[in-house]
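# Close look at the chain arrangement
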Amino acid sequence: MPTNDQVTDALRAVIDPELRQDIVTLGMVRKLDIHANGVVDVTVSLTTAGCPIRDHFQTSVYNAINALDGVVGVNVSFDVLSSDEKQALRGKLGRKSLPEGALAEVKNIICVGSGKGGVGKSSVTANLAAALTAAGKQVGVMDADVWGYSQPRMFGLGGGRARANERRKIEPLVGPEGIKVVSIGFFVNEEQAVVWRGAMLHKALQQFLEDVEWGALDYLLIDLPPGTGDVSMTLSQLLPQAKFVIVTTPQAVAQSVARRSAEMAAKLELEVAGIVENMAGFTTPDGDSYPIFGEGGGRMLAEELEVPLLGQIPLTMALRQHSDGGLPAVISAPEDAASQALVATAKQLISLSPVDLPMMAEPEEPKPVGMSLPVIS
Ligand code: ADP
């Protein structure tokens, strides 16, 4: 069996074509496990989830290790350098920026999740996207709620199909007010998505991040499936820079639900930006409010997690009707109480975001990518 040093030495042959140094010197070899049965597991840390040269690394790392005597198998996996590690790498290389791939021009990534289904997470995502757009932001929505996707319908894009452009990148569909939307629903039929699990899902989500031409965005909102399944875990690994917004209902005072959300946040290891309490009372046309689903759940969860309560969205007819009608209520019924609460929530979210400009990637030639999703063209 090769020793740790021998494998490390072999990996010095793997050069990052953009940074033009080997991955050992660059500190990108995160984990190396040499098993007694001759299998070597190696994790390489990339500068970004959307690293366009991942395939190059996959092949070169595999070949470098596989050539060593005694090695019978090589598992190459990837993760992403933390912002501190990137900072250190920039310092080491004397560069202001690192190549950042497909999400290079996305300033804020917000994952919207919930402990359980039916709390209005998808409606809140769509309407927050609309409210951020109304505040002059460029917004994209990635529908990662694979088994219950609803963003196509919310933006009137049901039945739409994603296409590849001349650069072999996937074009998001463009909804009202220029909101860019990508959903599994644009690639496969509902029955097909239902059977997706594990590796296939991981690959699809990775493609949504790497091969979609999101362009310049102020916010990319990601509608997560409820709870912490494969999808949420995959995304939190691929997007360590993302922030997490938890949608809950007022009756979440039931300690177990609050605890589940807190555990979910801890498990995903993403920074929690704040809580949105949805279905916070029913407001009649006369302005009377009835706390149908109880009170206090959002605040309680916010206090427990020590994060801001970003907004409390009342139950209204308009929110439901307009979400189902293909135009978010924030756009179609701006005077509605829920719409106004969502606009206020979006303002809170904006106030949390750093105002400094992101490091821009150096211009690079777009590279063709292999697409395994059945894109219809
Ligand atoms: P989730 O994504 O959490 O499963 P949805 O966004 O699909 O939840 O919402 C579930 C249902 O509740 C939908 O019919 C939606 O229109 C409705 N709904 C969500 N929030 C509100 C609200 N504040 N007022 C009225 N109806 C709402």
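Residues numbered from 1 in each chain as written. Predicted model: local features only at pLDDT ≥ 70, side-chain atom pairs only at ≥ 80, totals over all residues. Heavy atoms only, no water.

## Considering the overall build of the protein
Scanning the protein from terminus to terminus reveals 13 helices and 16 strands. Within the protein, the fraction of its 377 residues that count as buried is 52%. Counting only contacts in the protein whose residues sit at least 6 apart along the sequence, the fraction spanning at least 24 positions is 77%. Accessible surface for the protein amounts to roughly 16700 Å². Of this, 51% is attributable to carbon and sulfur atoms. (Helix = DSSP H or I, 4+ residues; strand = E, 2+ residues; numbered from the N terminus. Buried < 20%, exposed > 50% of the residue type's maximum accessible area, 1.4 Å probe, protein only. Contact = heavy atoms within 4.5 Å. Areas by Shrake-Rupley, 256 points an atom, 1.4 Å probe, with all protein chains shown as cover.)

## Some points on the site of the ligand
In the region of the ligand, 14 residues are neighbours, and Gly118, Lys121, Ser122, Ser123 and Asn278 sit closest. Between the ligand and the protein, one listed contact pairs an oxygen atom with a backbone N or O atom of Gly120 at 2.9 Å. Between Pro314 and the ligand, the recorded distance is 3.0 Å, taken from a backbone N or O atom to a nitrogen atom. Here the ligand, which alone exposes 560 Å², has 81% of that area covered by the protein. Contributing elements (two or more residues each) for the shell around the ligand: α4 (121–134), β14 (271–283), β16 (309–315) and α11 (317–324). With three residues, α4 is the largest single contributor of residues to the shell around the ligand. Across the shell around the ligand, the residue classes tally to five nonpolar, seven polar and two charged. (Near = heavy atom within 4 Å. Polar contact = N/O pair within 3.5 Å; in protein donor to acceptor, adjacent residues only side chain to side chain. Nonpolar A, V, L, I, M, F, W, Y, C, P; charged D, E, K, R; others polar.)

## Section: the sheet that holds strand β5 (residues 73–80)
Spatially, the three strands line up as an open sheet ordered β3-β4-β5, and their pairing is mixed. Two strands bound the open sheet, and with one partner strand each, they are β3 (29–34) and β5. Geometrically, the sheet is characterised by an average inter-axis angle of 15 degrees between neighbouring strands, direction not taken into account. The pairing of strand β4 (residues 39–46) with β5 spans eight bridges and is parallel. Following the sheet pairing, Val40 is matched in β5 by Val74. (Pairing = 2+ DSSP bridges. Axes fitted to C-alpha atoms, helices over the stretch in contact; angles between N-to-C directions.)

## Focus: the packing of α4 against helix α13 (residues 337–352)
In contact at an axis separation of 9 Å, α4 and α13 are set at 70 degrees when each is read in the N-to-C sense. Accordingly, the angle class assigned to the pair α4 and α13 is roughly perpendicular. Contacts from Val124, Asn127, Leu128, Ala131 and Leu132 in α4 reach Leu342, Val343, Thr345, Ala346, Leu349 and Ile350 in α13. Looking at side-chain class alone, the contact of α4 with α13 contains nine nonpolar, two polar and no charged residues. (Parallel < 35°, antiparallel > 145°, perpendicular 65-115°, else oblique.)

## What to know about the side chain of Glu277
By the secondary structure assignment, Glu277 is in strand β14. Among buried charged residues, Glu277 stands out as having no salt bridge; its nearest opposite-charge side chain is Arg299, 7.6 Å away. Among the polar contacts listed, one links the side chain of Glu277 to the backbone nitrogen of Gly297, at a separation of 3.4 Å. Once you skip the residues sitting within four places of it in the chain, Glu277 turns out to touch Thr248, Thr249, Pro250, Gly296, Gly297, Gly298, Arg299, Leu309, Gly311, Gln312 and Ile313. (Lys, Arg positive; Asp, Glu negative; His and termini not counted. Salt bridge = Lys/Arg side-chain N within 4 Å of Asp/Glu carboxyl O.)

## Thoughts on the packing of helix α7 (residues 198–210) against helix α8 (residues 230–238)
At a closest axis distance of 10 Å, the pairing of α7 and α8 adopts a crossing angle of 45 degrees. On the basis of their axis angle, the class for α7 and α8 is oblique. As α7 runs across α8, the sense of the crossing is right-handed. Across the interface between the two elements, Gly198, Leu201, His202, Leu205, Gln206 and Leu209 of α7 pack against Asp230, Val231, Thr234, Leu235 and Leu238 of α8. Grouping the amino acids of the contact of α7 with α8 by side-chain chemistry returns six nonpolar, four polar and one charged. (Left-handed = near helix turned anticlockwise from the far one by under 90°.)

## As for helix α2 (residues 54–66)
Given a rise of 1.5 Å per residue, 13 residues ought to cover 18 Å, and the 18 Å separating the end C-alpha atoms of α2 matches this to within 8%. Listed as buried for α2 are Arg54, Phe57, Ser60, Val61, Ala64 and Ile65. Taken end-on, α2 shows its buried residues confined to a sector of 130 degrees, consistent with a single buried face. Looking at the packing, one finds that the buried side of α2 touches α1 (4–11), β1 (15–16), β4, β5, α7 and α8. (Expected span 1.5 Å × (residues − 1). Arc of directions from axis to C-beta.)

## Side note on the pairing of strand β12 (residues 217–223)
Judged by how many residues are buried, β12 sits mostly within the fold: seven of seven residues are covered. Strand direction decides the pairing type here: strand β6 (residues 106–114) and β12, joined by six bridges, are parallel. Following the sheet pairing, Cys111 is matched in β12 by Ile222. Here five bridges tie strand β7 (residues 139–143) to β12, and the two strands are oriented parallel to one another. Following the sheet pairing, Met142 is matched in β12 by Ile222.

## A look at the nonpolar core
If you look at the biggest cluster of nonpolar residues, it comprises 80 residues, and the most contacted ones within it are Met142, Ile222, Leu235 and Phe244. Per-element tally for this core: the top contributor is α4, with seven residues. For Ile222, the residues in contact, after removing those within four places along its chain, are Ile109, Ile110, Cys111, Val112, Met142, Ala144, Leu235 and Leu239. In terms of nonpolar packing, the next biggest core, distinct from the first, is built from 24 residues, Leu32, Val44, Ala64 and Leu93 among them. (Core = buried A, V, L, I, M, F, W, Y, C linked by side-chain atoms within 4.5 Å.)

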